[in-house]
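Analysis of the macromolecular model
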Amino acid sequence: MAAVLEGLEPEETAAAAEDAARFAVEAVESRPGAPFLLVGNQLNLDVHPGGCHRLQYLCSQQPPELLQVEFLRLSTHEDPRLLDDTLAQVPWSLLRLRSLVLKGGQSRGALGACLHGTLTTLPAGLSDLACCLAHLDLSFNRLETLPPCILELRSLDALLLSHNRLSELPEVLGALPALTFLSVRHNCLEKLPATLGSLSALQRLDLSENLLDTIPSEIGNLSNLSELNLASNRLQNLPASLAGLRSLRLLVLHSNLLTSVPTGLAHLPLITRLDLRDNQLRDLPAELLDAPFVRVQGNPLGEASPAPPSPPDISQIPEMPRLFLTSDLDSFLVTPHGCSVTLACGVRLQFPAGATTTPITIHYRLWLPEPHLVSLGPHDFLLSGVLELQPHGVAFQQDVSLWLLFVPPRVQRCREVVVRTRSDDSWTDLETHLEEEAPKRLWARCQVPHFSWFLVVLRPVSNTCLLPPEGALLCSSGHPGVKVTFPSGATEEPRQVSMQVVHMAGLELRALLEESEASVSPLLCLSQSGPPSFLQPVTVQLPLPPGVTGFSLDRSHLHLLYRTPSTATWDDITTQVVLELTHLYARFQVTHFSWFWLWYTTKTCVGGLARKAWERLRLHRVNLIALQRRRDPEQVLLQCLPRNKVDATLCRLMDRYRGPEPSDTVEMFEGEKFFAAFERGIDVDADRPDCVDGRICFVFYSHLKNVKEVYITTALDREAQAVRGQVSFYRGSLPVEVPQEAEAARQRKGTDALWMATLPIKLPRLRGPQGSGQGTDFSLMPLNLGDAETGFLTQSNLLSVASRLGPDWPTVALHLGMPYRELQRIRHEFRDDLDGQIRHMLFSWAERQAGQPGAVGHLVQALEQSDRQDVAEEVRAILELGRHKYQDSIRRTGLAPEDSPLPGTSASQTPKSAQA
């Protein structure tokens, strides 16, 4: 039955309606599938599509079991009209309904973002449930105003409105006398009604993640309030009436703009936690500073208060400057007027006006993601390099926005993209929003809390909650049925708990175990802050492996595995816990958190198999390539790339490079280090920071390019014959003696094998006078742009110019006179390679201009016409330095008097310093 239900599609056709009706009949006829929909007095229609059709059929048939339903769950990922028609039938069909859950968020987008439901209002007829409905959950929908029928539900005890689009709450909200729990988290609230203080029975109030800058003083009338969450708003002060909340136990105020708090908060008799982190507090009453329940990290306590800035004259404020920087090692100035900055490395920053009171110089750098700098979870993928912003820890008066550009991965089930930042040697997550620029380009946007290191990560969806001493329920948003129940007394003080779920394909598992009936549940990772264990056992619920039901399984084949953190091994703990089975789920109790996995297999020893399956989830199948540039064989391109990208990459490169076929398939982990060693008479040509004992160091990241271009040389005599060497790839540290290819090939090529692949490299025999070959001519001979008297540009100078052009290169090319058709060809030939596009454009133009007068002046003029005055000035400085060197040389030889002016310049010109 469950397998059939999973295949049902929610299409509004007659056939779909008939199928829904048939399943609904089965649900109320006590057949084996019945517990899936109707369990006691609970009707769950939110796990699979077609819930509205099923509920409509049940309402039309009115079976006796329907009259006993008190709890209804219905997904709002349905057609709005169908959903509205279905809800209109609820009041007269479910006469005893006490709890109604109409949540979105069960479905996720391609990058793991929760999709909101279609609910924008509620039918007026729901007010007929005023006498019985006590719990209403409308989270993750599209509500912009509170439906009027809610205000007539006088028996309502809990109202959940989180993750909607509410900009205000109505004044008549105080007409809900029985309300004890109200959650309006993550909306757009800018103010609160004064009648909020009339909810005398209210015990828990969550208003976090809104746009509130003030709180009405009437909130002090909530005499029964025990929990108040105002985190992540824009509060600058608090009403003194908060000190009158004598029942308050938990007050969360972190991530606001508070400069002071009422002194009376220190005298609340029942308070157990006061969270004031990440505000602008410079002074606190001594009673609060010494209290153990107060959290104040991230505040400038003890610092002198700066003089308040005078209000700016809006009429004289210029338009916010826009900066476009094209170097990976650069800096820029931010003034009190703010600025918008775009960096060539795929980063944008926006400093609003007033973010700083004095000018400040910001330094930035894009680092390679070395393992010592990047800390990834076992199933995380890195999507970007590491951006460093300095000075570290700087605090701004207003939020600074940061955009990081990345190429979106292929669709991955139940994964999310997050920006992470490093502070105090640990990485933390930032609230991340995705903005699409093009089908293959996405921006990850966040608010920067401080300046440090930043990167973009793709990871399994993480569900987090704050666990109070009273207990909580944590559910997975991507995998229905995965949940953790925390009883009262599990912790003495609030702690953060989080959950991640990873899915494994059944085909891979069955191929690994060589068992056609084997299956596993989703892999569950549980983590927490604070002490390692709980004071009370915690109940974990996992879905049974696919194809297995609680009525038909063989318990001797069911194994509950636990990953021991200290030894990183998997242990079978089936006999150590009480495993309670239902038709679809398995429940058990634990006191420690780690990874849990439910297996169904006839294999008796699953520990080693679990380690292999765990590795299989984290492995990537890659190929290694080594190509030599056709015009310069001493330039070698090394790359490690996923197997599915090999053909497309070679098609793009083979017209400019040549080399052997890619290596055999190798399995690698995300973030694994390996080396490329040149052997048999071939060495790396120059010192490089990534070169260790002559071996090029790589770190593999599946969503990055993993490519390096190096120059090689040889001590052998190439005039006599060509040099036939090789490049070998090794994991970890290299052996003292390099194995021969035949010997290495006999080694087992698993994930723990040292040798991975060997590819041949050939340096052709040098020909021509002075032993200069084609490659040497290309790599060393300057492109004769200009002349010695007026100054000329070398190949190194052109490379410097190319490194600074960035996305402006097409404009420069057009001003250089290159036809638009040629620009299109370069774009197509160097897809996804901006540096290659720029270099090819500039050098192909330079080769055509070599030896012609006026070429350098033409380049300077094109740069100026393209609004790249900065690069034009750099070229002028290079030319002037060359002219000075030429004048000095002819003076030393006596060909010109000491006081003669420079050729091509007036005597009044002064030299500028530059680097040739």
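Reading the values: rules and limits
- Residues numbered from 1 in each chain as written.
- Predicted model: local features only at pLDDT ≥ 70, side-chain atom pairs only at ≥ 80, totals over all residues.
- Heavy atoms only, no water.
- Helix = DSSP H or I, 4+ residues; strand = E, 2+ residues; numbered from the N terminus.
- Buried < 20%, exposed > 50% of the residue type's maximum accessible area, 1.4 Å probe, protein only.
- Contact = heavy atoms within 4.5 Å.
- Areas by Shrake-Rupley, 256 points an atom, 1.4 Å probe, with all protein chains shown as cover.
- pLDDT = per-residue confidence, 0-100.
- Phe/Tyr/Trp six-rings, centres within 6.5 Å; stacked < 30°, edge-to-face > 60°.
- Pairing = 2+ DSSP bridges.
- Axes fitted to C-alpha atoms, helices over the stretch in contact; angles between N-to-C directions.
- Parallel < 35°, antiparallel > 145°, perpendicular 65-115°, else oblique.
- Left-handed = near helix turned anticlockwise from the far one by under 90°.
- Nonpolar A, V, L, I, M, F, W, Y, C, P; charged D, E, K, R; others polar.
- Arc of directions from axis to C-beta.
- Core = buried A, V, L, I, M, F, W, Y, C linked by side-chain atoms within 4.5 Å.
- Polar contact = N/O pair within 3.5 Å; in protein donor to acceptor, adjacent residues only side chain to side chain.
- Salt bridge = Lys/Arg side-chain N within 4 Å of Asp/Glu carboxyl O.

Counting its regular elements, the protein contains 18 helices and 50 strands. Here the protein holds 916 residues, and 49% of them are scored as buried. Sequence separation of 24 or more characterises 60% of the internal contacts of the protein that already satisfy a separation of 6 or more. In the form shown here, the protein has an accessible surface area of approximately 43300 Å², with 50% of it arising from carbon and sulfur atoms.

Attention now moves to the confidence of the model for the protein. In this model, the protein carries an average pLDDT of 80, and 83% of its residues clear a pLDDT of 70 or more. The secondary structure element of the protein with the lowest average pLDDT is helix α1 (residues 2–6), at 29, and the one with the highest is strand β7 (residues 181–183), at 94. Low confidence marks residues 1–36, where pLDDT is under 50. Its contacts with residues over four positions away, or in another chain, come to 49 contacts.

What follows concerns the packing of aromatic side chains. Under the definition given, this model contains 16 aromatic pairs. Pairing Y562 with F596 gives two aromatic rings, centres 5.4 Å apart and planes at 45 degrees, and the pair type is tilted. On the criterion of sequence distance, the pair formed by Y562 in strand β33 (residues 558–564) and F596 in strand β37 (residues 595–600) is long-range, its members being 34 residues apart. Here F596 falls in the buried class, since its relative accessible area comes to 0%.

In spatial order, the strands read β44-β45-β42-β47-β48; together these five strands make up an open sheet with antiparallel pairing. Whereas interior strands pair on both sides, the edge strands pair on one side only; in this sheet they are β44 (691–692) and β48 (755–763). Relative to β48, strand β47 (residues 723–731) runs antiparallel, the two sharing eight bridges. Bridging across to β48, Q726 finds its partner in P760.

Here we take up the sheet that holds strand β27 (residues 472–475). Adjacent strands of a sheet form backbone hydrogen bonds with each other and so pair up, either parallel or antiparallel. Read from one edge to the other, the open sheet built from five strands follows the order β27-β28-β32-β36-β35, with strand pairing classed as antiparallel. For this open sheet the edge positions go to β27 and β35 (580–581), each flanked by a neighbour on one side alone. Across three bridges, the pairing between strand β28 (residues 483–486) and strand β32 (residues 533–543) is antiparallel. Looking at β32, one finds that V484 is bridged to V540.

Moving on, we come to the pairing of strand β22 (residues 426–430). By the bridge criterion, five bridges tie strand β21 (residues 415–423) to β22 in an arrangement that is antiparallel. Note on β22: the bridge partner recorded for R420 is D429. If you look at the hairpin formed by β21 and β22, you'll find two residues sitting between the two strands, and D424 has a positive phi there, around 55 degrees.

What follows concerns the packing of helix α4 (residues 51–61) against helix α5 (residues 80–88). When two helices pack together, their arrangement is given by the angle between the helix axes and the distance between those axes. Where α4 contacts α5, the axes come no closer than 10 Å and their chain directions differ by 30 degrees. As summarised for this structure, α4 and α5 are arranged roughly parallel, according to the angle between their axes. As for how α4 packs across α5, the hand of that crossing is left-handed. On α5, the residues that touch C52, H53, L55 and Q56 of α4 are L82, L83, D85 and T86. Residue composition of the contact of α4 with α5, grouped by class: four nonpolar, three polar and one charged.

Within helix α17 (residues 855–865), the full set of buried residues consists of A855, V856, L859, V860, A862 and L863. Across the axial projection of α17, the buried residues extend over an arc of 160 degrees, all falling on one side.

What follows deals with the environment of N224. Mapped onto the elements, N224 comes out in the loop between β8 (204–206) and β9 (227–229). When its relative accessible area of 40% is taken as the criterion, N224 is described as partly exposed. It is 7.6 Å that separates the C-alpha atoms of N224 and L245, two residues lying 21 residues apart in sequence. The contact partners of N224, leaving out residues within four places of it in the chain, are S200, A201, L202, Q203 and S247.

Moving on, we come to the pairing of strand β45 (residues 695–700). Where burial is concerned, most of β45 is hidden: five out of the six residues are buried. Pairing between β44 and β45: two bridges, direction antiparallel. Its bridge partner being in β45, V692 is matched across the sheet by R695. Between β44 and β45, which pair antiparallel and follow one another directly, the connecting turn spans two residues, one of which, D693, has a positive phi of 50 degrees.

Turning our attention to the environment of P371. Tracing the sequence through the fold places P371 in the loop between β17 (360–367) and β18 (381–382). Here P371 falls in the partly exposed class, since its relative accessible area comes to 35%. Taking C-alpha positions, P371 is 8.2 Å from E672, a pair spaced 301 residues apart along the chain. Those residues in contact with P371, other than ones at most four positions away along the chain, are G671, K673, V699 and Y701.

Right, let's talk about unusual backbone geometry for a bit. Residue P391 is reached from Q390 by a cis peptide bond, and omega for that bond is 5 degrees. Phi angles above zero are rare outside glycine, and H163 is one such case at about 55 degrees. In this structure, H163 sits in the loop between β6 (158–160) and β7. A residue is classified by how much of its surface remains accessible, and H163, at 17% relative accessible area, is buried. A positive phi is found at S232, a non-glycine position, where the angle reads about 55 degrees.

Bringing the nonpolar core into the picture now. Judged by nonpolar contacts, the single largest core of 77 residues is most densely connected at L122, L205 and L228. Ranked by residue count, the leading element in this core is α4, at four residues. Once you skip the residues sitting within four places of it in the chain, L122 turns out to touch L87, L102, L136, L138, P147, C149 and I150. Counting residues in hydrophobic clusters, the runner-up holds 34 residues, among them Y364, F381, V394 and F406.

What follows deals with α5. Among the residues of α5, those classed as buried are L82, L83, T86 and L87. Projected down its long axis, α5 carries its buried residues within an arc of 130 degrees, all on one side. A side-chain oxygen of the first residue of α5 lies 3.1 Å from the backbone nitrogen of R81; this N-cap is D79.

This paragraph deals with the packing of helix α15 (residues 820–829) against helix α16 (residues 834–849). Relative orientation of the contacting elements α15 and α16 amounts to 135 degrees, with a least axis distance of 9 Å. When the interaxial angle is binned, α15 and α16 end up oblique. The crossing of α15 and α16 is right-handed. Residues E822, R825, I826, R827 and E829 of α15 lie in contact with α16, whose contacting residues are Q837, H840, M841, S844 and R848. Within the contact of α15 with α16, the residues separate by chemical class into two nonpolar, three polar and five charged.

Attention now moves to the pattern of salt bridges. Side chains that differ in sign of charge can pair as their charged atoms come close. For the structure on display, the rule yields 22 salt bridges. Where R611 meets E615, a salt bridge forms, and the shortest distance between an N and an O atom there is 3.1 Å. One end of the pair is R611 and the other is E615, both in helix α9 (residues 607–618) and four residues apart, which spans about a single turn. For R611, a relative accessible area of 41% translates into the label partly exposed. We classify E615 as buried; its relative accessible area is 19%. Each member of the salt-bridge network shares a partner with another, and the members are D655, R656, E822, R825, E829 and R848.

Quick look at the side chain of N279 now. Along the chain, the position of N279 falls in the loop between β11 (273–275) and α7 (286–289). Within the local environment of N279, its side chain forms a polar contact with the backbone oxygen of L253, the two atoms lying 3.1 Å apart. A distance of 3.1 Å separates a polar atom in the side chain of N279 from the backbone oxygen of L276.

Moving on, we come to the environment of L222. Residue placement: L222 occurs in the loop between β8 and β9. Given the relative accessible area of 0%, L222 is considered buried. Sequence separation between L222 and Q203 is 19 residues; the distance between their C-alpha atoms is 8.0 Å. Excluding anything up to four places from it in sequence, L222 contacts L196, G197, L199, L202, L205 and L245.

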